[in-house]
Amino acid sequence: MAIPTRQLGSSGVFVSAIGVGGSSLGDLGSNSEAQRIVHEAVDAGITFFDNAWEYHDGMSEERLGRALVGRRDKVFLMTKVCTHGRNKQTGMAMLEDSLRRLQTDHLDLWQIHECIYDNDPALHFAPDGVIEAVDAAKKQGKVRFVGFTGHKDPAIHLDMLVHDYPFDTVQMPLNPFDANYRSFQHNVLPEARKRGISVIGMKSMGGGGEAIKAGVITPQEALRYAMSLPVLTTVSGMDSYDVFKQNLAVAQAFTPLSAPEMTALETRLKGYAGDGRFELYKSTKVYDAAVGRRMHKFPPSTELPA
Amino acid sequence: MTPEFSRRDFIDTTGTAIAAASVAPLMAMVPAAAATDEIPKRQFGRHPDKISVLGLGGHHLGDAATVGEATNIVHEAIDAGVTFFDNAWEYNDHRSEEWLGAGLRGGYRDKVFLMTKVCTHGRDGSLGLQMLEESLKRLGTDHLDLWQIHAITYDNDPELAYRPGGIIEAMAQAKRQGKVRYLGFTGHKDPRLHLEMLQRGFAFDSVQMPINPFDAQFRSFQTHVVPEALKRGMAVLGMKPFSGQGNPFHNAEITATPRDFLRYAMSVPGVTTTITGMESLAVLRQNLAIARGFTPMNSDEMNALQAAVAGSAGDGHMEIYKTSIAFDNVVTREVHGMPLEGAHP
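Given the structure is predicted, the values throughout are model-derived calculations rather than measurements. (Residues numbered from 1 in each chain as written. Chains lettered and ligands numbered in written order. Predicted model: local features only at pLDDT ≥ 70, side-chain atom pairs only at ≥ 80, totals over all residues. Heavy atoms only, no water.)

Caption draft 1: Main features of the overall build of chain B. Counting its secondary structure elements, chain B contains 16 helices and 10 strands. Once local pairs closer than 6 in sequence are excluded, the contacts in chain B between residues at least 24 apart make up 76%. Put simply, chain B shows about 12900 Å² of open surface, and 52% of that area lies on carbon and sulfur atoms. (Helix = DSSP H or I, 4+ residues; strand = E, 2+ residues; numbered from the N terminus. Contact = heavy atoms within 4.5 Å. Areas by Shrake-Rupley, 256 points an atom, 1.4 Å probe, with all protein chains shown as cover.)

Caption draft 2: Local environment of the overall build of chain A. Along chain A, the regular secondary structure elements total 15 helices and 10 strands. For chain A, the C-alpha radius of gyration of 18 Å lies close to 19 Å, the compact-globule estimate for 306 residues. Dimensions of chain A, computed from the C-alpha atoms along their principal axes, are close to 50 × 40 × 40 Å. Within the span of chain A, comprising 306 residues, buried residues form 59% of the whole. Partitioning the intrachain contacts of chain A with sequence separation of at least 6 by distance along the chain shows that 77% fall at a separation of at least 24. Here chain A displays about 11400 Å² of accessible surface, and carbon together with sulfur accounts for 50% of that area. For chain A, the separation between the mean place of its 33 positive charges and that of its 36 negative charges on side chains is 1 Å. (Rg over C-alpha atoms; globule rule 2.2 N^0.38 Å. Buried < 20%, exposed > 50% of the residue type's maximum accessible area, 1.4 Å probe, protein only. Lys, Arg positive; Asp, Glu negative; His and termini not counted. Charge placed at Lys NZ, Arg CZ, Asp CG, Glu CD.)

Caption draft 3: The confidence of the model for chain B, seen in detail. Confidence in the prediction of chain B, expressed as mean pLDDT, is 91, and 89% of residues score 70 or more. Across residues 1–28 of chain B the pLDDT falls below 50, and counting only partners more than four positions away or on other chains, this stretch makes 41 contacts in the model. (pLDDT = per-residue confidence, 0-100.)

Caption draft 4: Representation of the pairing of strand E7 (residues 143–149) of chain A in the model. All names here are of chain A. For E7, the buried fraction is high: six of the seven residues fall into the buried class. Across five bridges, strand E6 (residues 107–112) lies against E7 in parallel orientation. Paired with Trp110 across the two strands is Val146, which belongs to E7. Pairing geometry for E7 and strand E8 (residues 169–173), over three bridges, is parallel. Considered in E8, the bridge of Phe148 is made with Val170. (Pairing = 2+ DSSP bridges.)

Caption draft 5: Examining the packing of helix H2 (residues 31–44) of chain A against helix H3 (residues 59–67) of chain A more closely. Residues and elements named next belong to chain A. Between H2 and H3, the shortest axis-to-axis distance is 9 Å and the interhelical angle comes to 55°. Between H2 and H3, the interaxial angle falls into the category oblique. For the crossing formed where H2 meets H3, the hand is right-handed. Here H2 contributes Asn31, Ala34, Gln35, Val38 and His39 to the contact with H3, which in turn contributes Arg63, Leu64, Arg66 and Ala67. (Axes fitted to C-alpha atoms, helices over the stretch in contact; angles between N-to-C directions. Parallel < 35°, antiparallel > 145°, perpendicular 65-115°, else oblique. Left-handed = near helix turned anticlockwise from the far one by under 90°.)

Caption draft 6: Spotlight on the sheet that holds strand E5 (residues 113–118) of chain B. Residues and elements named next belong to chain B. Sheet architecture is closed into a barrel: eight strands sit in the order E3-E4-E5-E6-E7-E8-E9-E10, paired in parallel fashion. As defined by bridge partners, E5 adjoins strand E6 (residues 144–149) across four bridges and the pair is classed as parallel. Paired with Val118 across the strands is Ile149, a residue of E6. Contacts from helix H9 (residues 191–199) reach E6, strand E7 (180–186) and strand E8 (206–210), with the element oriented near 140° to E7. Where helix H13 (residues 281–291) meets the sheet, its contacts fall on strand E3 (54–57) and strand E10 (271–277), and the angle it forms with E3 comes to roughly 165°.

Caption draft 7: Broad picture of the interface of chain A and chain B. At the interface, 21 residues of chain A touch 23 residues of chain B. At the boundary of chain A with chain B, total buried surface from both sides reaches about 1800 Å², with 56% on carbon and sulfur atoms. Across the contact surface, chain A and chain B share three salt bridges. (Buried area = accessible area lost by both parts, 1.4 Å probe. Salt bridge = Lys/Arg side-chain N within 4 Å of Asp/Glu carboxyl O.)

Caption draft 8: Just the state of the cysteines, in detail. Tallied over the entire structure, the rule returns zero disulfides over all chains. In this model A:Cys82 remains outside any disulfide bridge; the closest cysteine sulfur is found in A:Cys115, 10 Å from its own. (Disulfide = S-S within 2.5 Å.)

Caption draft 9: Spatial organisation of the packing of aromatic side chains. The full count for this structure, using the stated rule, is 19 aromatic pairs over all chains. Consider the rings of B:Phe214 and B:Phe261, whose centres lie 5.6 Å apart with planes at 50°: the pair is tilted. In this pair, B:Phe214 sits in the loop between E8 and helix H10 (221–224) while B:Phe261 sits in helix H12 (residues 258–267), placing the two residues 47 residues apart along the sequence. B:Phe261 matches B:Phe214 in its accessibility class, with the two residues each being buried. Within the aromatic cluster, the residues linked to one another by ring pairs are A:Phe125, A:Phe148, A:Tyr165 and A:Phe167. (Phe/Tyr/Trp six-rings, centres within 6.5 Å; stacked < 30°, edge-to-face > 60°.)

Caption draft 10: How the structure looks around helix H5 (residues 95–104) of chain B. Residue and element names in this part refer to chain B. For H5, the tally of buried residues reaches eight of 10 residues, placing the bulk of the element in the interior. Turning to H5, its buried residues are Ser96, Glu97, Trp99, Leu100, Gly101, Ala102, Gly103 and Leu104. In this structure, the buried side of H5 is in contact with helix H3 (58–61), helix H4 (67–80), strand E4 (84–85), E5 and helix H6 (125–139). The positive-phi residue at the C-terminal boundary of H5 is Gly106, with phi of around 75°.

Caption draft 11: Quick peek at the pattern of salt bridges. All names here are of chain A. Under the criterion given, the structure shown has 37 salt bridges over all chains. Measuring nitrogen to oxygen at the nearest pair gives 3.1 Å for the salt bridge that ties Lys285 to Asp288. With a relative accessible area of 5%, Asp288 lands in the buried category. Among the charged side chains, a network of salt bridges with common partners joins Asp164, Glu191, Lys194 and Arg195.

Caption draft 12: Focus on the packing of H5(B) against H6(B). Residues and elements named next belong to chain B. For the pair H5 and H6, the least separation of the axes is 7 Å and the interaxial angle reads 40°. The orientation of H5 with respect to H6, classified from their angle, is oblique. Listed contacts from H6 to Glu97, Glu98, Leu100 and Gly101 of H5 are Glu134, Ser135, Arg138 and Leu139. Taken together, the residues that form the contact of H5 with H6 break down as two nonpolar, two polar and four charged. (Nonpolar A, V, L, I, M, F, W, Y, C, P; charged D, E, K, R; others polar.)

Caption draft 13: A look at the environment of B:Thr295. If you trace the backbone, B:Thr295 turns up in the loop between H13 and helix H14 (299–309). Along the sequence, B:Thr295 and B:Leu100 sit 195 residues apart, while their C-alpha atoms lie 29 Å from each other.

Caption draft 14: How the structure looks around the pairing of E7(B). All names here are of chain B. Across the seven residues that make up E7, a large majority, six, are buried. Note that E6 and E7 share five bridges and pair parallel. Opposite Gln148, over in E7, you have Gly184 as the bridge partner. Bridge count for E7 against E8 is three bridges, and the pairing is parallel. Looking at E8, one finds that Phe185 is bridged to Val207.

Spelled out as structure tokens, the structure:
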């Protein structure tokens, strides 16, 4: 079966309902394995490709760039800018790095990465902040659409939205645990839709599949739940060929869960949701990346693992 | 499903608990006169007891070099007029309670206001009552002056504490049995959780929270919880005056001194005592020098210190007990299924 596509806002641009996560591309054992997954994904109808300037110190972008040679025009290419509070010029330099590594002259979507510190919205919207870089990049035609991402706290996302900036997308964790714990689904998704901003889901399996390893949910249930929400796409990390095939199969067979089915899954998992044990990106430092920590003067993960 | 605690354990917003409490918090806010070099005392919330403005932290007592050193710290603190002693069932795999118990032998127990904390972290109240017996035994006493729920940390902790068969029922029972005089709770994570504990209605006598110039500007207990506690006639127990382990002073961005920080915490209106760790006689003496004859900072001085650290407050990197699980004890992590990397007992 064909992978469903969905429209970005009212732009007339359609993307696949599942996206390939960029961080995991860098976790794969070899360039050739990454290339095989990217090629088969494109052939199967996946068009949405995620990445970030900082993933694996640029290696994730380089791998994706190499794999997309000759296929760039078949995909909707996103990467993220990682100023973490630094100035416009830093953001513009990162854009050039990303374009070079991805071997393209433009991005389809450029997002502000990892808005996870309480003061990030103020820093991003400050004079000479990253928002000015986003504006300039759009004007120069180097990016078509813009957005922001974060895995920590719905309140921070709402602080970003309250500035009324014309974001096209916003990316957030969406899974059945989130529904009952510091919920993006309940607090941010409706607000984004009200503003006509397309929502990109991520962490459908809790980031590192912690709940799957614990045996409380299957990957099929988790991915299908996330894809059933009113979202543009669900970015899914695929850190092996087997995981890619598994997730591809879910997307190819996809039909949305009914509302009662979604509620039943949330209810079944509610006892695991309330302390954030399967959403460590919200409840701990485990998923907070190195550059952001450094810019915010937090210890590195070797000293502050969680 | 009927909880074992009675209606009168809850604050009745129209009843006597509030009426009796209406004066005490205001009195607690009046700076104690300090014409001498004694360590001032303040009233313990709505109750007549008075406790010293400086409290000796139990975790660090277990970090002293030897039990002899710990005993010397306890004796010298009591002789200087420190009466408030903090501890927890789980600190340092119980060494902290054992060493405090050693220091309190020989008549010292009766000179102090003794607190320890129960560490069910959401498990059954019956387990809490076992912990109480263990704490009493280690501390060498037949009663506690204050027993607090340790570390309200995870979003579901208030719900778990209040559930039928949970720790709050056990606490009410321990109080009826005369094993504990007063009840409270603690936590270092999020003011919203403290407020939920208050709003669910049990008539706690005290609440413990981080109080320092960073907190004043980031997920602030001082701003959000202190006023609610005072409204209820509760004692406010400050902790982490140096934001945990003194880390700000190893950082070039902070020019204020430990003395400034401890004085700030002790000066926040409504704070009854400030608990701080003292793992050596040298640290004890440094803190005693600040506490003796203490007069609070005025609001201009406090505002100036807040302003001086404002640039370091907004992302919580100076308050990692709020922004990471680094300060979450190993037992609570285990109960809540969290990673154990970097956990301390």
